[in-house]
Amino acid sequence: MPDAAAMPMPATSGPLGYVLAVAGSALAVLVAALTERWLGLDDLSLVFMLAVLVVAARTHTGPAVLTAVLCFLAYNFFFIEPRYTFYISARHGVATVALFLAAALLAGRLASRLAMQVQALRAAGRHAAARQELARRLTVAASEEEVLQAAQEMMRDSLRAEAWIQVAGSGLEGQAGAVPPEAVLRQVAEGRRAETVEEHGWWFLPLHAPDRLLGVVGLKLPSGAGGLDAAERQLARTMVDDIAQALQRTRLVAALQSERVAAETERLRSALLSSVSHDLRTPLAGVIGAAEALESYGADMEAGDRRSLLATIREEGQRLDGYIQNLLDMTRLGQGGMALRRDWIGADELLGATITRLQRHRPDARFQVVVEPGLGPLRVNPALLGQALYNVLDNAAKFSPTGALVEVRVHRAGPDAAVQPDLCIDVRDRGPGIPAAERGRVFDAFYSMSRGDRGRDGTGLGLAICRGVIEAHGGTIAALPADGGGTCMRITLPMPAPGPDAESGGAS
Amino acid sequence: MSAAANATDDRVPARILVVDDEPQIRRFLDISLRAQGHHVVSADSAQGALDALAAGSVDLAILDLGLPDRDGMAVLSELRQWSQVPVIVLTARDDEQEKVAALDAGANDYVTKPFGVQELMARVRALLRAQAQPADAAPPVYDDGCLRVDLARREVTLAGSPVVLSRKEYALLAALVRHAGRVITQPQLLREIWGPTHQQDTHYLRILVAKLRHKLGDDAAAPRWIATEPGVGLRFVAPR
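Read on for a plain summary of the structure. (Residues numbered from 1 in each chain as written. Chains lettered and ligands numbered in written order. Predicted model: local features only at pLDDT ≥ 70, side-chain atom pairs only at ≥ 80, totals over all residues. Heavy atoms only, no water.)

### A word on the overall build of chain A
Inference 1: Of the regular secondary structure elements, chain A holds 13 helices and 11 strands.
Inference 2: For chain A, contacts bridging at least 24 residues in sequence account for 65% of all contacts bridging at least 6.
Inference 3: For chain A, the accessible area works out to roughly 26700 Å², and carbon and sulfur atoms hold 59% of it. (Helix = DSSP H or I, 4+ residues; strand = E, 2+ residues; numbered from the N terminus. Contact = heavy atoms within 4.5 Å. Areas by Shrake-Rupley, 256 points an atom, 1.4 Å probe, with all protein chains shown as cover.)

Below, the structure written as structure tokens:
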């Protein structure tokens, strides 16, 4: 029925249907009077039949019957001889009006039933779409809050009902425009309202898990238009079931996640403990031993030996300091909400300062820095990024053969380097390189320790801190194989939008 | 090292006050400074430090910011109300803000704990040298054989040929040279060159110092003259 399907007007219910019946009949009389000249008496009955069909299709049985009767009377009264009486003179006239009444009643009922079926089908379609949409949104909801939000929005859209949702044990309450009356709330809270109940214009539906009650959904029924019909109530029940399932799923996922985090934290903590005891004590043993040796036997030593012991004390002390710095940085990163106090600084300046600092510890390390011209400054936390660079450069120097150059190249890069380039810092060493299978893992905390090979004085923290710092700046770090052996550590950082011009204010 | 050659300049004995609550730090500073020919006075608290400074005849103070009785920063600001004696503060590494705050409160330089004694001695020398120069003397000429900056004539030459600098570039270079060997904070430079309303605009400074380095042929990644102290400021590296 393409016509019916295309009808935009919903079925008219209530007194409006009867108004429509009277108006339709009156209109039919008017049209019949105007067209009587061209139409025969029998054809006029079709005008009235049309009116009955139109009214029936838009209303329901009552107005349809009323229209049929009104049209029958009007047809008789205004058009059948003798006019302006209900008396019918011709015998066949009686048959005509009797048949008209029968046909009008039948057609009216058929048309109104059809209209109601169409209406029901359309409602069913709408409800199915609403359920699908709800299911889609619940699937992507990652947290209980998102589940509740999706539930409320969908219930408002498809049921015209404000939803109030209380989930036991999470303290979450969906924020609806309305809150149920205090007395009802108390009953809900006391668990006496686990079954579907209706009160004060609110309809409560339980959120059931297989083994317990998860919570309660309260629907503030739309006022006026007669509440929810049976189909809408069925829709509400299925929606509530879907919501309960989604809640269970998010809880399960959250439980699994926190278990995984707990296991990871435990693993890190035990690694940290053994690392602290090892990495703090080893240099201390060197310091204490060398100092005692000097104290007890210094007078008998050759000058070269004394210098060597003194150098040991200094170097081990510096190593201890570096390790403590890493521990501090890692703690700061681990606290998550690390506020990045950003400042402008050139990548070349930061590298210069870092290399100066590094060469105090490693006077033999040699670096060659090549910077692409025309690069603007970065907007970063200079201390943290400096420490990250320090760790990368220190690593590169540590694994380089003695006297080999560590090459640092700073350049623009990125998938669309012409439009929005990233800043790329490549640090390339001539060391033994990292096996392909382990390149992704070198940034894990305590990686070098779990591998059992501690490098020369690796603590397994340096590169983990690098990754933490660089990711906090929105960048990335990766270990790549370098041409001709060795490793290339590639750091990319987002380039900030250019700042205002320095010379503004009239220089030069 | 050229410091040895200039020993006559640098070894002018000075009275140096060391303020730290850690006896080990006091001891090694005491030994090292005396080895350089200086007289050392020690204090282990803020009150002791202020007493020693009030007694006068201290040429330079080395002040730890973490003192048991009072914040080192409070000592600094109280001291600056009546004395201009040069102060080097000892700070923890992590806190760039603290360094800048101390420098802005009147400290002349800082050293980050743990520090090498050579680094500290270089700071001490630079400050004592600046102190020896009377404030009303003619502006000095900096000349290391390659770069020559004549502050009186506002002339800059590089290997004998003049360098053309913009007004702000020259102002930056002059400020750095006047503080040769000592750090100047970013807010100080911004105030001096752009005025008090631009103290936060560190971006200006980055662009300007990049231009100045370029004209002097200096490399930020391996600075010969102008070194960046990340998050703190700039330092003109005077030859040792």
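### Thoughts on the overall build of chain B
Inference 1: Per the secondary structure count, chain B includes 10 helices and 12 strands.
Inference 2: Within chain B, counting contacts between residues at least 6 apart in sequence, those at least 24 apart form 59% of the total.
Inference 3: Counting every atom, chain B has about 10900 Å² of accessible surface; 50% of that belongs to carbon and sulfur.

### Some words on the environment of His-38 of chain B
Residue and element names in this part refer to chain B.
Inference 1: By secondary structure assignment, the location of His-38 is in the loop between helix 3 (23-35) and strand 2 (39-43).
Inference 2: Separated by 26 residues in sequence, His-38 and Val-12 place their C-alpha atoms 7.8 Å apart.
Inference 3: Looking at His-38, its side chain comes within polar contact range of the main-chain nitrogen of Ala-14, at 3.2 Å. (Polar contact = N/O pair within 3.5 Å; in protein donor to acceptor, adjacent residues only side chain to side chain.)

### Considering the nonpolar core
Residues and elements named next belong to chain A.
Inference 1: Counting residues in hydrophobic clusters, the biggest one holds 48 residues, and the most contacted among them are Leu-385 and Val-427.
Inference 2: A total of nine residues in this core trace back to one element, the largest contributor, which is helix 11 (residues 382-399).
Inference 3: With residues up to four places along the chain from it excluded, the contact list for Val-427 reads Val-392, Leu-393, Ala-396, Val-406, Glu-407, Val-408, Thr-487, Cys-488 and Met-489.
Inference 4: Leu-138, Met-154, Leu-159 and Ala-161 belong to the second largest nonpolar core, which has 32 residues in total. (Core = buried A, V, L, I, M, F, W, Y, C linked by side-chain atoms within 4.5 Å. Buried < 20%, exposed > 50% of the residue type's maximum accessible area, 1.4 Å probe, protein only.)

### A few points about the packing of helix 8 (residues 167-178) of chain B against helix 10 (residues 202-216) of chain B
Residue and element names in this part refer to chain B.
Inference 1: Running from N to C, helix 8 and helix 10 cross one another at 85 degrees; their axes reach a closest spacing of 10 Å. Our classification of the angle between helix 8 and helix 10 gives roughly perpendicular. Contacts between helix 8 and helix 10 pair Lys-168, Glu-169, Leu-172 and Leu-173 from the former with Leu-205, Leu-208, Val-209, Lys-211, Leu-212, Lys-215 and Leu-216 from the latter.
Inference 2: Its residues placed into classes, the contact of helix 8 with helix 10 shows seven nonpolar, no polar and four charged. (Axes fitted to C-alpha atoms, helices over the stretch in contact; angles between N-to-C directions. Parallel < 35°, antiparallel > 145°, perpendicular 65-115°, else oblique. Nonpolar A, V, L, I, M, F, W, Y, C, P; charged D, E, K, R; others polar.)

### Overview of the packing of helix 8 of chain B against helix 9 (residues 186-194) of chain B
Helix packing for two helices is described by the angle between their axes and how far apart those axes are.
Residues and elements named next belong to chain B.
Inference 1: Between helix 8 and helix 9, the least distance of the axes is 10 Å, while the angle of their chain directions is 135 degrees. The orientation of helix 8 relative to helix 9 falls into the category oblique. By crossing handedness, the relation of helix 8 to helix 9 is classed as right-handed. Between helix 8, through Lys-168, Ala-171, Leu-172, Ala-175 and Arg-178, and helix 9, the contact on the second element is made entirely by Leu-189, Glu-192, Ile-193 and Trp-194. (Left-handed = near helix turned anticlockwise from the far one by under 90°.)

### Examining the state of the cysteines
All names here are of chain A.
Inference 1: Under the defined criterion, the tally for this structure stands at zero disulfides over all chains.
Inference 2: With no disulfide partner, Cys-488 has as its closest neighbouring cysteine sulfur the one in Cys-424, 7.6 Å distant.
Inference 3: Taking the relative accessible area as the measure of exposure, Cys-488 reaches 11% and is therefore buried. (Disulfide = S-S within 2.5 Å.)

### Details of helix 6 (residues 144-159) of chain A
Owing to its 3.6 residues per turn, the α-helix brings residues three or four apart onto one side.
Residues and elements named next belong to chain A.
Inference 1: With 16 residues, helix 6 should reach 22 Å at 1.5 Å per residue; the first-to-last C-alpha distance of 22 Å fits that figure.
Inference 2: Burial in helix 6 covers these residues: Glu-144, Val-147, Leu-148, Ala-150, Ala-151, Gln-152, Met-154, Met-155, Ser-158 and Leu-159.
Inference 3: One or two positions beyond helix 6, positive phi appears at Arg-160, with a value near 55 degrees. (Expected span 1.5 Å × (residues − 1).)

### Brief notes about the interface of chain A and chain B
Inference 1: Tallying the contact residues gives 32 residues for chain A and 29 residues for chain B.
Inference 2: Summing both partners gives a buried area of about 2500 Å² for chain A against chain B, and 52% of it is carried by carbon and sulfur.
Inference 3: A salt bridge links Arg-206 of chain B to Glu-349 of chain A; the shortest N-O distance between them is 2.7 Å.
Inference 4: Summed over the shared surface of chain A and chain B, the result is six residue pairs in polar contact (both at pLDDT 80 or more).
Inference 5: Of the residues belonging to the side of chain A that touches chain B, the class tally is 14 nonpolar, eight polar and 10 charged. (Buried area = accessible area lost by both parts, 1.4 Å probe. Salt bridge = Lys/Arg side-chain N within 4 Å of Asp/Glu carboxyl O.)

### Comments concerning the packing of aromatic side chains
Inference 1: Under the criterion given, the structure shown has nine aromatic pairs over all chains.
Inference 2: Seen from their ring centres, Phe-28 of chain B and Phe-115 of chain B are 5.9 Å apart, and the 35 degrees between their planes marks the pair as tilted. In this pair, Phe-28 of chain B sits in helix 3 while Phe-115 of chain B sits in the loop between strand 5 (109-113) and helix 7 (117-132), placing the two residues 87 residues apart along the sequence.
Inference 3: A relative accessible area of 12% means that Phe-115 of chain B is categorised as buried.
Inference 4: Plain terms: the ring middles of Trp-194 of chain B and Tyr-204 of chain B are 5.5 Å apart, the flat faces sit at 50 degrees to each other, and that makes the pair tilted. On the criterion of sequence distance, the pair formed by Trp-194 of chain B in helix 9 and Tyr-204 of chain B in helix 10 is long-range, its members being 10 residues apart.
Inference 5: For Trp-194 of chain B, a relative accessible area of 11% translates into the label buried.
Inference 6: Residue classification places Tyr-204 of chain B among the buried positions, given a relative accessible area of 7%.
Inference 7: Members of the aromatic cluster, connected to one another through ring pairs, are Phe-48, Tyr-75, Phe-77, Phe-78, Phe-79 and Tyr-84 of chain A. (Phe/Tyr/Trp six-rings, centres within 6.5 Å; stacked < 30°, edge-to-face > 60°.)

### Some points on the sheet that holds strand 11 (residues 487-494) of chain A
Residues and elements named next belong to chain A.
Inference 1: Read across the sheet, five strands follow the order 6-8-9-11-10 without closing on themselves; strand pairing throughout is mixed. What marks the edges here is a single partner per strand, and that holds for strand 6 (366-371) and strand 10 (476-481). Pairs of neighbouring strands in the sheet enclose a mean axial angle of 20 degrees, with direction left out of account.
Inference 2: Pairing of strand 9 (residues 422-428) with strand 11, which is carried by seven bridges, proceeds in the antiparallel orientation. Within the sheet, the bridge partner assigned to Val-427 lies in strand 11 and is Met-489. (Pairing = 2+ DSSP bridges.)

### A word on helix 9 of chain B
Inference 1: What helix 9 of chain B keeps buried is the set Gln-186, Pro-187, Leu-189, Leu-190, Ile-193 and Trp-194 of chain B. The buried residues of helix 9 of chain B all sit within an arc of 160 degrees when viewed along its axis, so they share a single face.
Inference 2: The secondary structure elements touched by the buried residues of helix 9 of chain B are strand 5 (343-345) of chain A together with helix 6 (96-104), helix 8, strand 10 (183-185), helix 10 and strand 12 (233-236) of chain B.
Inference 3: Gly-195 of chain B, located one to two residues past helix 9 of chain B, shows a positive phi value of around 105 degrees. (Arc of directions from axis to C-beta.)

### Brief notes about the sheet that holds strand 4 (residues 87-92) of chain B
Residue and element names in this part refer to chain B.
Inference 1: What the five strands build is an open sheet, ordered 2-1-3-4-5; its pairing is parallel. Whereas interior strands pair on both sides, the edge strands pair on one side only; in this sheet they are strand 2 and strand 5. Strand after strand, the sheet turns through a mean of 20 degrees between neighbouring axes, direction not considered.
Inference 2: In terms of strand pairing, strand 4 meets strand 5 through five bridges, oriented parallel. Opposite Leu-90, over in strand 5, you have Val-111 as the bridge partner.
Inference 3: Docked against the sheet, helix 4 (residues 46-54) engages strand 1 (15-19), strand 2 and strand 3 (60-64), running at close to 165 degrees with respect to strand 1.

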